[in-house]
Amino acid sequence: MSLQTVGSNNATTSQDACYISLLGLAEYFRTSQPPNIKKCIQCLQALFTFQPPSKVEARTHLQLGQILMAYTNNTDMARTHLEAAWKLSEPLLNFDDVKFDTASLLAELYLQIDQNSTSKAILRKAIELSLNNVYWHCKLLLQLAQLHANDREYNLASELLAVGAESAEEAGATYLKVLFLLSRAMILMIERKTNDVLALLNSAGAIIDNHINNPHQKEYLKVFFLVLQVCYYLALGQVKTVKPSLKQLQMSIQTIMAPNWPTDEVIFGQNPLEMFVWLPKEQLYVLVYLVTVSHSMMAGYMDKAQKYTEKALTQIEKLKAQDDKCILSVFKVILLEHIVMCRMVMGNRELAIREIAAARDVCLSSGPNGQLLKRHAAQLHCLVGLYAMSTSFFEHAENQFLTCVNETTERDLKLFAKLNLAIIYLRTKRDQNLKQILDAVSTENTHTYSSQALMGGFYYVQGLHAFHKASFHEAKRFLRETLKMANAEDLNRLTSCSLVLLSHVFLSISNSKESMNMVTPAMQLASKIPDIHVQLWGSAILKDLHRMSKDAQHEKEALANHVKYSENLIADQLKCVQSIHHNLIDWLKGPPPPTNATAAAIAAINTASSNNVAITTAQSASTQATALMSPVVSPTIQYTNQSPLNATNTMQQHHNFQQHQTHHQQSYY
């Protein structure tokens, strides 16, 4: 942000000389090391004593507003100056930069103080005034669309983006038109308007391939397009179908991250209508890791998911050290949400609750308005519910899932939580509650879901229910439908869970041959994932099968494996209940409780003491289901805002990307 002069070309009068001197002095104090902001502001305020012309006065008010917003927390004074700048500049002709820069910054300030309606109103007015300035018209349309999207007013956001695409097309700005089209596809994806999303992606893809001549801009747009395409397929649960697109995305990001790739400023800083970029390449790099993690989790490759999560978190910390952008906290929370589910599948529940607490801490430190916590509270409740469920705190788990259902507006997350509630009601033999929730899920909207994984998860729960009613034929019918969906798209964890339950069904009707045919591939997949819960369940079935066939050696091996898995889970259970973060299962209202320092000290003593306790028992699970689902719900894209690089920079970053966690249905029976 450099302070600029506006006034008479003939700076011969003493007033002009004083004005220029004060402005130069203000800039000197602003750029000093360290900056002397107080003196900078005093110099700018002194300009008003000379009663400068309206344009000079308006620009000075804008500069003061910029300084106060960038370097202080004095939003009241910043607001006063920006409102003065807007009042002065609004009626002035040929003063677009100051007029619309003021409107944009003032809208940001209103947003910070929770005056969303006022923020939208000033942007609407600025959009009306900017019809003859394509750059500002499009910039303000993006900003207003962002506000509506943040407030979940997706129809309004989509309409504004459609207007932006038309404006860009009329101006012959093909690159900018594609940005609008892809941004609109992102909004439609949130709304689950899959047919409209596909049409927009196809349209944008054709333009990228045939009408974008700048190779660097083409590659950036390809990454944006491919991220959306990957998320589109994952939203449908099409883990197998998405692989070519994901591979192409990974290759494109490697191209962009190559050392000889030009800087974003070089690529986007030449033409005003090309001075827009979705995300800088360093953040795109993290985002590609994130969607790769999402795919690995849905496919059931927990080791891969862990590896890519660790790499992404390392990259985020490097970027935070340079410039702590809000979007990095969003990425970090999503990655932590993924790794939590990965830990629980592998039986590392104590690590999972630690990482839930880490996600909580990122949300709590995300800013005064707590927007990140508001967006992720339902997911955090859901994760705590999964943790409580996995550690057999069923009442707490039920409360967490019910809170999640009440707090979220996302259909996928609601269904996910309800299916887990169904498992709790199965465990606790609450048949009436179980019937109500399954009927509700079935009649409300299950048939409107197009996700293979979601539908497979619903059939799995019904199969589990039928199994507990001893309706074995019905259980087989549901589970075969689940397997059909899971196998079609390589949903490995859903496959392994269905196979082991189907094996248990056959064992229950004394069909040992078919039971063995099911449990063998289930154990192979569980080992590959790895999924300790399916391994525990499968080893119990194998033990019984080998006992029935009088194969003492294999029965002994299966028993040893079963004891090993049981002891690992019991040891982890002890760590969980002693964890300083375990009290998160009591959190139901308001912000999540922070970790108590005294509790941390007590927990450290308890942990040291418990190291001397030998684990001598192992619970049998020969007749208990111990695991539920493969990843069930695909990532949902959120449309979030990131401020421009700075007030006078030519390149503006407008539409950024928030992706909700992939909600993997992880339950234990």
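Residues numbered from 1 in each chain as written. Predicted model: local features only at pLDDT ≥ 70, side-chain atom pairs only at ≥ 80, totals over all residues. Heavy atoms only, no water.

Considering the overall build of the protein
A tally of helices and strands in the protein yields 28 helices and four strands. Relative to its full complement of 669 residues, the protein shows a buried share of 57%. At a minimum sequence separation of 6, the contacts of the protein that also span at least 24 residues come to 69%. For the protein, the computed accessible surface area is about 27200 Å², with 51% contributed by carbon and sulfur atoms. (Helix = DSSP H or I, 4+ residues; strand = E, 2+ residues; numbered from the N terminus. Buried < 20%, exposed > 50% of the residue type's maximum accessible area, 1.4 Å probe, protein only. Contact = heavy atoms within 4.5 Å. Areas by Shrake-Rupley, 256 points an atom, 1.4 Å probe, with all protein chains shown as cover.)

Focus on the packing of helix H4 (residues 75-89) against helix H5 (residues 96-112)
In the contact formed by H4 and H5, the axes pass within 9 Å of each other and the chain directions differ by 145°. For the pair H4 and H5, the sense of crossing is left-handed. Of the residues in H5, those in contact with Thr75, Ala78, Arg79, Leu82, Glu83, Ala85, Trp86 and Ser89 of H4 are Val98, Lys99, Thr102, Ala103, Leu105, Leu106, Leu109, Tyr110 and Gln112. Of the residues belonging to the contact of H4 with H5, the class tally is ten nonpolar, four polar and three charged. (Axes fitted to C-alpha atoms, helices over the stretch in contact; angles between N-to-C directions. Left-handed = near helix turned anticlockwise from the far one by under 90°. Nonpolar A, V, L, I, M, F, W, Y, C, P; charged D, E, K, R; others polar.)

Comments concerning the nonpolar core
Within the largest apolar cluster, 211 residues are counted, with the highest numbers of intra-cluster contacts made by Leu176, Phe180, Leu182, Leu249 and Phe401. Formed jointly, this core draws a minimum of three residues from each of two domains, domain 1 (15-127) and domain 2 (130-256). Contact partners of leucine 176, with chain neighbours within four places excluded, come to Cys138, Ala168, Leu273 and Phe276. (Core = buried A, V, L, I, M, F, W, Y, C linked by side-chain atoms within 4.5 Å. Domains from an automatic or database assignment.)

A closer look at helix H11 (residues 215-235)
An α-helical segment advances 3.6 residues per turn. Residues three or four places apart therefore align on the same side. Over its 21 residues, H11 runs 30 Å from end to end, which matches the ideal 30 Å to within 8%, given 1.5 Å per residue. N-cap assignment for H11: the residue whose side-chain oxygen lies 2.9 Å from the backbone N of histidine 216 is asparagine 214. At the exit of H11 stands glycine 237, carrying a positive phi of roughly 70°. (Expected span 1.5 Å × (residues − 1). Polar contact = N/O pair within 3.5 Å; in protein donor to acceptor, adjacent residues only side chain to side chain.)

Looking at the side chain of histidine 504
Examined against the element boundaries, histidine 504 turns out to sit in helix H24 (residues 492-508). Among the polar contacts made by the side chain of histidine 504, one reaches the side chain of tryptophan 537 at a distance of 2.9 Å.

Structural notes on the environment of arginine 79
Mapping arginine 79 onto the fold places it in helix H4. Taking relative accessible area as the criterion, arginine 79 reaches 26% and is therefore assigned partly exposed. In this structure, the C-alpha to C-alpha distance between arginine 79 and leucine 106, residues 27 residues apart in sequence, is 7.0 Å. Leaving out residues up to four positions away in the same chain, arginine 79 has contacts with Leu106, Leu109, Tyr110, Ile113 and Gln115.

Observations regarding unusual backbone geometry
Cis geometry is adopted by the peptide bond preceding proline 34, which originates at glutamine 33 and carries an omega value of -5°. Secondary-structure assignment places proline 34 in the loop between helix H1 (14-31) and helix H2 (37-46). Between isoleucine 529 and the following residue, proline 530, the backbone shows a cis peptide bond with an omega angle of -10°. Within the secondary structure layout, proline 530 lies in the loop between helix H25 (512-528) and helix H26 (532-548). A positive phi angle, near 65°, is found at alanine 470, a position not held by glycine. The class for alanine 470 is partly exposed, based on a relative accessible area of 48%.

Brief notes about helix H16 (residues 326-345)
End to end, H16 covers 30 Å across 20 residues, agreeing with the expected 28 Å (1.5 Å per residue, within 8%). With its phi angle positive at about 90°, glycine 347 sits one or two positions after the end of H16.

A look at the side chain of serine 119
Tracing the backbone through its elements, the reader meets serine 119 in helix H6 (residues 116-129). Judged by its relative accessible area of 0%, serine 119 is buried. For serine 119, the contacting residues outside a window of four places in its chain are Ala107, Tyr110, Leu111 and Leu147.

Topic: the pattern of salt bridges
Evaluated as defined, the whole model comprises 22 salt bridges. Here glutamate 191 makes a salt bridge to lysine 193, at a shortest N to O gap of 3.7 Å. According to the relative accessible area criterion, glutamate 191 is partly exposed, its value standing at 22%. The salt bridge partner of aspartate 412 is arginine 192, with a shortest N-O separation of 2.2 Å. Placement of aspartate 412 in helix H20 (residues 411-427) and of arginine 192 in the loop between helix H9 (174-190) and helix H10 (194-211) is noted, with a sequence separation of 220 residues between them. The pair aspartate 412 / arginine 192 is uniform in exposure class, with both members buried. Overlapping salt bridges, with partners in common, bring together Lys120, Asp151 and Glu153 in one network. (Salt bridge = Lys/Arg side-chain N within 4 Å of Asp/Glu carboxyl O.)

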